[in-house]
Amino acid sequence: MDIFLNNTIVALSTAPGMGAIAIIRISGPKALKVVRRNVKTRSTIDVPNKLIRGEFYYGGDLLDQIMVCYFKSPNSYTGEDVIEIYCHGSIYIQQKILQCLVDDGLFMAQPGEFTLRAFLNKKMDLAQAEAVGDLIASESQASHRLAFNQLKGNYSETLSSIRKELIEFKSLIELELDFSQEDVQFADRHKLVSQLALVKKQIKMLIDSFAYGNVIKQGIGVIIVGRPNVGKSSLLNLLLNESKAIVSQIPGTTRDSIEDIFIYGGYKFRFIDTAGIRKTDNIIESMGIKIAIEKAQKAQFCIYLYDSLEVGSDEILNDINNVVRPQSHLLVVENKIDRFFTSDQKIESRRKTNQSELKQELKKLGSITYLETSNYIPSTIKKLTDKLVELVEEKKSDSSVVVTNIRHYQALKLALESLDQVKIGIEKNLSGDLLSIDLNQLIECIGQITGNIDIDQDILGNIFGNFCIGK
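Below you will find a few notes about this structure.

### Observations regarding the side chain of His329
Point 1. For His329, the position within the fold is in strand β12 (residues 329-334).
Point 2. Classification of His329 as buried rests on a relative accessible area of 13%.
Point 3. One polar contact links His329 to Thr369, side chain to side chain, over a distance of 3.2 Å.
Point 4. With near-sequence residues (within four places) excluded, His329 lies in contact with Gln300, Phe301, Cys302, Ser367, Thr369 and Leu391.

### Describing helix α12 (residues 378-394)
Point 1. Given a rise of 1.5 Å per residue, 17 residues ought to cover 24 Å, and the 25 Å separating the end C-alpha atoms of α12 matches this to within 8%.
Point 2. Taken residue by residue, α12 has Thr380, Ile381, Leu384, Thr385, Leu388, Val389, Leu391 and Val392 as its buried positions.

### Notes on the sheet that holds strand β10 (residues 267-273)
Across a sheet, paired strands are connected by hydrogen bonds in the backbone, their directions being either parallel or antiparallel.
Point 1. Strand order in this open sheet of six strands is β9-β10-β8-β11-β12-β13, and the pairing throughout is mixed. Two strands bound the open sheet, and with one partner strand each, they are β9 (258-264) and β13 (369-372). Ignoring which end each strand starts from, the neighbouring axes of this sheet average 25 degrees apart.
Point 2. Pairing between strand β8 (residues 220-226) and strand β11 (residues 301-306): five bridges, direction parallel. The partner of Ile224 across the bridge, within β11, is Ile303.
Point 3. In the packing of α12 onto the sheet, contacts are made with β8, β9, β10, β11, β12 and β13, and the angle to β10 comes to roughly 120 degrees.

### Some remarks on the pairing of β9
Point 1. Two strands pair when backbone bridges link them, and β9 and β10 are joined in this way by seven bridges, in the antiparallel orientation. The residue of β10 that forms the bridge with Ile261 is Arg270.
Point 2. Between β9 and β10, which follow one another and run antiparallel, lie two residues, and Gly265 among them has a positive phi close to 60 degrees.

### Overview of unusual backbone geometry
Point 1. Between Ser73 and the following residue, Pro74, the backbone shows a cis peptide bond with an omega angle of 5 degrees.
Point 2. A positive phi is found at Asn49, a non-glycine position, where the angle reads about 60 degrees.
Point 3. For Asn49, the location among the structural elements is in the loop between β3 (39-41) and β4 (51-58).
Point 4. Non-glycine residue Lys122 carries a positive phi angle of around 60 degrees.

### Quick look at the environment of Gly112
Point 1. Mapping Gly112 onto the fold places it in the loop between β7 (107-108) and α3 (113-120).
Point 2. Residue Gly112 is classed as buried on the basis of its relative accessible area of 0%.
Point 3. Along the sequence, Gly112 and Phe467 sit 355 residues apart, while their C-alpha atoms lie 4.7 Å from each other.
Point 4. Those residues in contact with Gly112 that sit more than four places away from it in its chain are Phe464, Phe467, Cys468 and Lys471.

### Overview of the packing of helix α10 (residues 313-323) against helix α11 (residues 345-365)
Point 1. Here α10 crosses α11 at 30 degrees, and the two axes come no closer than 9 Å. Accordingly, the angle class assigned to the pair α10 and α11 is roughly parallel. You can see that α10 and α11 cross each other, and the crossing is right-handed. Between α10 and α11, the contacting residues are Ser313, Ile316, Leu317, Ile320 and Asn321 on the first element and Asn354, Glu357, Leu358, Glu361, Leu362 and Leu365 on the second.
Point 2. Looking at the contact of α10 with α11, its residues break down into six nonpolar, three polar and two charged.

### A look at the sheet that holds strand β5 (residues 61-71)
Point 1. Pairing in this open sheet of seven strands is mixed, and the strands run β3-β4-β5-β6-β2-β1-β7 from one edge to the other. Sheet topology places β3 and β7 at the edges, where each strand pairs with a single neighbour.
Point 2. Sheet topology note: the β5/strand β6 (residues 82-89) ladder contains five bridges and is antiparallel. For Met67, the partnering residue across the bridge sits in β6 and is Tyr86.
Point 3. Packing against the sheet, helix α1 (residues 31-38) makes contact with β2 (19-27), β3, β4, β5 and β6, and its axis sits at approximately 80 degrees to β3.

### A short note on empty space enclosed by the protein
Point 1. One pass over the structure, following the stated rule, counts one cavity of 30 Å³ or more.
Point 2. The calculated volume of the largest cavity comes to roughly 40 Å³.
Point 3. Lining the largest cavity, in full, are Tyr306, Ser308, Val311, Gly312, Ser313, Ile316, Arg351, Asn354, Gln355 and Leu358.
Point 4. Among the secondary structure elements, those contributing two or more residues to the lining of the largest cavity are α10 and α11.
Point 5. At four residues, the largest contribution of residues to the lining of the largest cavity is made by α11.

Cut-off values and rules
Residues numbered from 1 in each chain as written. Predicted model: local features only at pLDDT ≥ 70, side-chain atom pairs only at ≥ 80, totals over all residues. Heavy atoms only, no water. Helix = DSSP H or I, 4+ residues; strand = E, 2+ residues; numbered from the N terminus. Buried < 20%, exposed > 50% of the residue type's maximum accessible area, 1.4 Å probe, protein only. Polar contact = N/O pair within 3.5 Å; in protein donor to acceptor, adjacent residues only side chain to side chain. Contact = heavy atoms within 4.5 Å. Expected span 1.5 Å × (residues − 1). Pairing = 2+ DSSP bridges. Axes fitted to C-alpha atoms, helices over the stretch in contact; angles between N-to-C directions. Parallel < 35°, antiparallel > 145°, perpendicular 65-115°, else oblique. Left-handed = near helix turned anticlockwise from the far one by under 90°. Nonpolar A, V, L, I, M, F, W, Y, C, P; charged D, E, K, R; others polar. 1 Å grid on protein atoms, 1.4 Å probe; cavity = no way out; pocket = protein on both sides within 12 Å on 5 of 7 lines; lining within 4 Å. Points joined across faces, edges and corners; volume = space filled by probe spheres on them.

As far as function goes, none of this settles anything; it's purely spatial.
Below you can see the structure in the form of structure tokens.
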């Protein structure tokens, strides 16, 4: 991303397309001068933070009646002079205003350039800038909450506190180097080891929080597996409240995986319906079963759906061992229980025996949830979705700050490695200059997250290039 802070940039900040109102944002040193040339108002535009009514002219002709607001540097989003134009949402009007401003010397903003300027002008740090993108992309209450906490600076404060402590120790060690002839120690090694232990605990807690934060940000993967005709596709359709998957009595109807998003309890779930697990000579169905098993190995949660009239406990356990990865939280769900309300005593007795045997065996496999459902009884489906929310809540990190960004996670992992090197160096009684090198590496790893060190232009381009234009 090319960065020219002396340029004045302009972009449409509302979503492209027709609407009631469109917002065009301008940032840079020429903002006031260019707007004055193209907008006529009864009062001056120079008054900060005040909406002014005006008329926008294009080529001498009145184009639209607008509202204008001026945000004076440095008290603006970007830290520069910013002007926002609120025009009618006609696509024609939007394009003409943008064309007029570009013809008058402004430059079209690149994706994320307004927020990039805010970062470069120290209106926010890099972690907060990335939170802006996450906030815009948030689709659930949980992902919104995590992004907003990061934007408020809670995460940055934690990292800044850690970095400050390390810099103080590094300064003392480097001071020792200036007095190396006198053999003086300013930095208490025992105290440093104690503080490193506390820092390590904080960093490890942040690293551990990524497992929760990442799935909240990306969506919680829930795969539905089981044998053909147990109600997997019907369950997906019920959850999504639409006929997403074809349902029929013919075994093997679902050949490919079908995926969609379901927002429930403030969380975004990604439900995946899959081909029924069975032995088959059909090449296409076999491919679908292979995909089902591969996806089951990656999902955070797995719903194994079964019909107790079709399979026994041994077959269910065999399916679970072959399909579900040990790290997934497994929900074993007996479906179609509505049929047993009017069934005879022999069938019910056989069902209870199989159920009892299955539960005993499942206990040996660890923490597994067992539920009963019917696609015809809404309360049983609600129990299933409520249980999923409960299980997600259990995975919450103990830390008040949660890491959601893979770049931050990788930097923290490197910081942890550097911290261990510092600790080893102290234990081996290495000289201050060698300890200083390892400490500097540790400080840089943490600084990369918030941008407290020089950040490579390619990294900035990758971060802000994923933003929408106008933000």
